[in-house]
There are 2 protein chains.
Amino acid sequence: MSDQKTDRRIIRTKRMIRDALTDLMEEKGLEGFTVKDLTEKADINRGTFYLHYQDKYDLLEKSENEIIEEMYEFLKEINPDLINQSGLQNEPLPFLVNLFENIEKNARFMKLILGPKGDPAFQVKLKQFMKINFLGKIMEKSNNESLSVPIEQLIAYVTSAHLGVIQQWLNSGMQQSPREMALTLLKITFYGPAHIAGIKKDLNF
Amino acid sequence: MSDQKTDRRIIRTKRMIRDALTDLMEEKGLEGFTVKDLTEKADINRGTFYLHYQDKYDLLEKSENEIIEEMYEFLKEINPDLINQSGLQNEPLPFLVNLFENIEKNARFMKLILGPKGDPAFQVKLKQFMKINFLGKIMEKSNNESLSVPIEQLIAYVTSAHLGVIQQWLNSGMQQSPREMALTLLKITFYGPAHIAGIKKDLNF
DNA sequence: CGTATAATGGACATAACGTTGATTAATGAC
DNA sequence: GTCATTAATCAACGTTATGTCCATTATACG
């Protein structure tokens, strides 16, 4: 007997459901449609949906997790050192380029899910992903003397900043290449936003 | 006859509904409860709810907008210069302190609505608020020569970073005072995340 | 006190939900 | 190509939530 994961009927059904999900999220946002709408758009029986997912939110979460998983596999492929935590913490560029390439691959869905009608939980997942896989490691290898800010706050600052730029990129039509975006983020993070903006004024702390 | 906005019955009903909203969002998240749950918790008739709000999302949006409005009024009070766009762009500190004080005032609701089960649209509103009222102005007064990054990306970076630190602050029990938080954000933004983390390495762009 | 109106209680039709069982159709293994 | 397996369909079910309605009661305000 065939594996559940390779049965063409299942693959096809799931693909149609997810395509319909993207369409409907684009049209009306996550709360704007019902399971019935979804199965009609996907052109499958409503009961079939419940054969694979518990509800709308279960579908969404599984779709999200697959994307994160996909990103992780892709990252591991390019950077096998990732498992053994050595090296490469010094070289965030390839990580960032990979990240943007992955996002670009799923651009339509990513834009929706990271948008104002998307899923805030996915933002958390994506920040967590960046933290674990590179941003956290980079920020943590600090000379503790100079670190006058709690590490968790610093990480929150950087991961959220990155997420925000990703969102801005998606919403403005992805004009720049993944590499350009990665370089931009590195520049701001290393030189500092104020310096990039050309603000010289000293702060009177 | 009395004004609709000052009738004690209306005030009371709305207050009970919003208290119940906070409770239920805390317990089950926005999608985890129904209007019936809400009105039972608020101890009012279900029909009464529809006298004031169209549905759950209408309630949420109106609650959000009132908070933003409240913040704006508070900011204007402290900084009347805000209307005429002069001065004070150089002094972001009081703006940030005010912001954190306002968030602290509505801490319970803010934590929920900015959390993983909250409303992503509110994040957009809050970033917009920061952009319009101070962060945008600060970032825009750049010497254009040194600005090698599109201004919109820079603003996205900074506003999102600020939002992320606010979220982290709310989720870790608000250990620091509004003033401490404001200073932390200024430090990171002006010196740069990498510098704060003590990373010296030059980038090979 | 008297008027205005907010809130209640009950009912209604409509729609979505999640599940079930019998049936049909497609798949993969041999 | 046959056959056993199982995915998908179809129709139906009870349950629950939705949004609206109206007659009635209770409260607020002048």
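Criteria and thresholds
- Residues numbered from 1 in each chain as written.
- Chains lettered and ligands numbered in written order.
- Predicted model: local features only at pLDDT ≥ 70, side-chain atom pairs only at ≥ 80, totals over all residues.
- Heavy atoms only, no water.
- Helix = DSSP H or I, 4+ residues; strand = E, 2+ residues; numbered from the N terminus.
- Buried < 20%, exposed > 50% of the residue type's maximum accessible area, 1.4 Å probe, protein only.
- Contact = heavy atoms within 4.5 Å.
- Areas by Shrake-Rupley, 256 points an atom, 1.4 Å probe, with all protein chains shown as cover.
- Least-squares fit on C-alpha atoms with pLDDT ≥ 70 in both.
- Buried area = accessible area lost by both parts, 1.4 Å probe.
- Salt bridge = Lys/Arg side-chain N within 4 Å of Asp/Glu carboxyl O.
- Polar contact = N/O pair within 3.5 Å; in protein donor to acceptor, adjacent residues only side chain to side chain.
- Expected span 1.5 Å × (residues − 1).
- Near = heavy atom within 4 Å.
- Nonpolar A, V, L, I, M, F, W, Y, C, P; charged D, E, K, R; others polar.
- Axes fitted to C-alpha atoms, helices over the stretch in contact; angles between N-to-C directions.
- Parallel < 35°, antiparallel > 145°, perpendicular 65-115°, else oblique.
- Left-handed = near helix turned anticlockwise from the far one by under 90°.

Under an unreviewed UniProt entry, the name given to chain A is TetR family transcriptional regulator, and the source organism is Peribacillus loiseleuriae.

Asks: Please clarify how the overall build of chain A should be interpreted in this entry.
Replies: The helix and strand tally for chain A stands at 10 helices and zero strands. In chain A, the succession of helices and strands from N to C terminus is α-α-α-α-α-α-α-α-α-α. Taken across its 205 residues, chain A has 52% of its residues classed as buried. The contacts in chain A between residues at least 6 apart in sequence include a share of 65% that link residues at least 24 apart. Accessible surface computed for chain A: about 10,100 Å², of which carbon and sulfur atoms make up 50%.

Asks: Looking at this model, I keep getting lost on the relation of the copies chain A and chain B. Mind explaining?
Replies: Superposition of the two copies of the chain requires a rotation about an axis and a shift along the axis. Note on the copies: chain A fits chain B at an RMSD of 0.1 Å, the axial shift is 0.0 Å, and the rotation between them is 180 degrees. Such a turn and shift between the copies fits a two-fold axis. The C-alpha atom lying nearest the rotation axis in chain A is that of Gly192(A); the distance is 1.7 Å. Looking at chain A, 100% of its interface residues are interface residues in chain B too, so the copies touch through the same face.

Asks: Can you walk me through the environment of Met16(A) in this structure?
Replies: Residues and elements named next belong to chain A. Structurally, Met16 is set in helix 1 (residues 8-28). Measuring from C-alpha to C-alpha, the distance between Met16 and Ala42 comes to 5.2 Å, with 26 residues separating the pair along the chain. If we ignore the near neighbours within four places in the chain, the residues touching Met16 are Ala42 and Asp43.

Asks: Explain the interface of chain A and chain B here, please?
Replies: When the parts of a complex come together, some accessible area is lost, and that lost area is often used as the size of the interface. Tallying the contact residues gives 60 residues for chain A and 60 residues for chain B. In total, chain A and chain B occlude about 5,000 Å² of area from one another, counting both sides; carbon and sulfur atoms represent 64% of this. Summed over the shared surface of chain A and chain B, the number is zero salt bridges. Across the chain A-chain B interface, the total number found is 12 residue pairs in polar contact (both at pLDDT 80 or more). Elements represented by at least two residues in the side of chain A that touches chain B include exactly helix 7 (120-140), helix 8 (151-171), helix 9 (178-191) and helix 10 (193-197) of chain A.

Asks: What's the story with helix 4 (residues 56-78) of chain A in this structure? I'm lost.
Replies: Counting along an α-helix, one turn takes 3.6 residues, and residues three or four places apart therefore face a common direction. All names here are of chain A. Relative to the 33 Å expected for 23 residues at 1.5 Å per residue, helix 4 spans 34 Å between its end C-alpha atoms, a close match to the ideal helical length. Burial in helix 4 covers these residues: Lys56, Asp58, Leu59, Leu60, Ser63, Glu64, Ile67, Ile68, Met71 and Leu75. Taken together, the buried residues of helix 4 touch helix 1, helix 2 (35-42), helix 3 (46-52), helix 5 (92-105), helix 6 (107-113) and helix 7. A side-chain oxygen of the first residue of helix 4 lies 3.0 Å from the backbone nitrogen of Tyr57; this N-cap is Asp55.

Asks: Would you mind showing me how to read helix 9 of chain A here?
Replies: Its 14 residues place the ends of helix 9 of chain A 20 Å apart at the C-alpha level, agreeing with the 20 Å of an ideal helix rising 1.5 Å per residue. The set of residues buried in helix 9 of chain A consists of Pro178(A), Met181(A), Ala182(A), Thr184(A), Leu185(A), Leu186(A), Ile188(A), Thr189(A) and Phe190(A). Where the residues of helix 9 of chain A are buried, they touch helix 5, helix 7, helix 8 and helix 10 of chain A together with helix 8 (151-171) and helix 10 (193-197) of chain B. Looking one or two residues past helix 9 of chain A, Gly192(A) carries a phi angle of roughly 95 degrees, positive in sign.

Asks: Just to check I follow, could you spell out the protein's contact with DNA strand D for this structure?
Replies: Taken together, 23 residues lie around DNA strand D, and Arg9(A), Thr13(A), Thr48(A), His52(A) and Arg9(B) are the ones closest in. When the atoms of DNA strand D within 4 Å of the protein are sorted by group, sugar and phosphate make up 70%. In the model, a phosphate oxygen of DNA strand D is placed 2.6 Å from a nitrogen or oxygen of the His52(A) side chain. Val35(B) places a polar main-chain atom, nitrogen or oxygen, 3.2 Å from a phosphate oxygen of DNA strand D. Listed by contribution, the elements that provide at least two residues to the surface near DNA strand D are helix 1 and helix 3 of chain A together with helix 1 (8-28), helix 2 (35-42) and helix 3 (46-52) of chain B. The biggest single contributor to the surface near DNA strand D is helix 3 of chain A, with four residues. Grouping the constituent residues of the surface near DNA strand D by class yields seven nonpolar, seven polar and nine charged.

Asks: Sorry, what's going on with the protein's contact with DNA strand C here?
Replies: Residues in close proximity to DNA strand C total 22 residues, the closest being Arg46(A), Arg9(B), Thr13(B), Thr48(B) and His52(B). When the atoms of DNA strand C within 4 Å of the protein are sorted by group, sugar and phosphate make up 74%. The side chain of Arg46(A) places a nitrogen or oxygen atom 2.9 Å from a base oxygen of DNA strand C. Side-chain polar atom of Thr13(B) to a phosphate oxygen of DNA strand C: 2.2 Å apart, as the coordinates give it.

Asks: Teacher, can you tell me more about the packing of helix 5 (residues 92-105) of chain B against helix 9 (residues 178-191) of chain B here?
Replies: The packing of two helices is summarised by the inter-axis angle and the distance between the axes. Residues and elements named next belong to chain B. At a minimum axis separation of 8 Å, helix 5 and helix 9 run at an interaxial angle of 130 degrees. Put simply, helix 5 runs oblique to helix 9. The way helix 5 lies across helix 9 gives a crossing that is right-handed. Taken together, the residues of helix 9 that come into contact with helix 5 (itself represented by Pro92, Leu93, Leu96, Val97, Phe100, Glu101 and Glu104) are Pro178, Arg179, Met181, Ala182, Leu183, Leu185 and Leu186. The residue inventory of the contact of helix 5 with helix 9, partitioned by class, reads 11 nonpolar, no polar and three charged.

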